[in-house]
Amino acid sequence: MDPISPLEQALHAARALVLADLVAGQVAEPDVVSLVEESVAQRRWWVEQWPEGAEFVAGLVAQDVQDALLERYGRWPLCPVCGSGDPHALDVEPELGPDPHWVCGKAGVKVAAVGSLGTAGAGPRPS
Ligand SMILES: [Zn+2]
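Residues numbered from 1 in each chain as written. Predicted model: local features only at pLDDT ≥ 70, side-chain atom pairs only at ≥ 80, totals over all residues.

### Here's the deal with the confidence of the model for the chain
Counting all residues, the mean pLDDT for the chain is 90, and 93% of those residues have values of 70 or more. In this model, residues 123-127 is a region of pLDDT below 50 whose contacts with residues beyond four sequence positions or in other chains number seven contacts. (pLDDT = per-residue confidence, 0-100. Contact = placed C-beta atoms within 7 Å.)

### A look at the pairing of strand β3 (residues 109-113)
Bridging between strand β2 (residues 101-104) and β3 involves four bridges; their strand directions are antiparallel. Pairing of W102 across the sheet is with A112, part of β3. Hairpin connection of β2 to β3: four residues between the antiparallel strands, including G108 at a positive phi of 65°. (Pairing = 2+ DSSP bridges. Helix = DSSP H or I, 4+ residues; strand = E, 2+ residues; numbered from the N terminus.)

### Here's the deal with helix α3 (residues 57-72)
Note on helix geometry: an α-helix contains 3.6 residues per turn, so any two residues three or four positions apart are oriented the same way. For α3, built from 16 residues, the straight-helix expectation of 22 Å at 1.5 Å per residue is met to within 8% by its first-to-last C-alpha distance of 22 Å. Residues of α3 that are buried: V57, A58, G59, L60, V61, A62, V65 and Q66. The inward-facing, buried residues of α3 abut α1 (6-24), α2 (30-49) and β1 (91-93). Once α3 ends, the next one or two residues include G74, with phi positive near 130°. (Expected span 1.5 Å × (residues − 1). Buried ≥ 20, exposed ≤ 12 C-beta atoms within 10 Å, placed from the backbone.)

### A few points about the nonpolar core
Counting 26 residues, the largest nonpolar core has A14, V18, V57, A58 and V61 as the members making the most contacts within it. When residues of this core are traced back to their parent elements, those giving at least two are α1, α2, α3 and β3. Here this core gets seven residues from one element, more than from any other, and that element is α1. Setting aside its immediate chain neighbours within four residues, V61 contacts A14, R15, V18, V36, S39, V40 and R43. (Core = buried A, V, L, I, M, F, W, Y, C linked by C-beta atoms within 7 Å.)

### What about the packing of α1 against α3?
Packing of α1 against α3 leaves a shortest axis separation of 8 Å and a crossing angle of 45°. Classed by the angle they form, the pair α1 and α3 counts as oblique. Where α1 crosses over α3, the handedness of that crossing is right-handed. Contact residues: α1 offers A10, L11, A13, A14, R15, L17 and V18, while α3 offers V57, A58, V61, A62 and V65. Partitioning the contact of α1 with α3 into residue classes produces 11 nonpolar, no polar and one charged. (Axes fitted to C-alpha atoms, helices over the stretch in contact; angles between N-to-C directions. Parallel < 35°, antiparallel > 145°, perpendicular 65-115°, else oblique. Left-handed = near helix turned anticlockwise from the far one by under 90°. Nonpolar A, V, L, I, M, F, W, Y, C, P; charged D, E, K, R; others polar.)

### Details of α2
Taking 1.5 Å as the rise per residue, α2 with 20 residues should run 28 Å; its terminal C-alpha atoms sit 29 Å apart, in good agreement. Taken together, the buried positions of α2 are occupied by L35, V36, S39, V40, R43 and V47. Looking straight down α2, one finds its buried side chains confined to an arc of 135°; they lie on one side. Turned more than 90 degrees away from the buried face of α2, the exposed residues are P30, D31, S34, E37, A41, W45, E48 and Q49. (Arc of directions from axis to C-beta.)

In structure tokens:
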């Protein structure tokens, strides 16, 4: 078996994390999943040019998918922290860095790590 390169591992992990958050938000429909695939394909090229960026890929894919969903679907992921006021989306922080988190810019709180929205009250919890 070929060993999986660190780049491929990072891309696989990013894909899995963002898909987990989409599932948590109940938006993991086939056309949405293809947005993730598109982003991962583009980021594969990007990270091949800049291997040091491998640990930034999850945050970047999350932002790519967020942008793509905003055009086709609407805001995602909606903030589960603020119970009142206008529904608003969470932001990824850091925008370019390791260990990305979803944060609410309004309340100024970290909501969940990218990939862990399902445990932050943003969707149905698996029993
Ligand atoms: Zn909020």
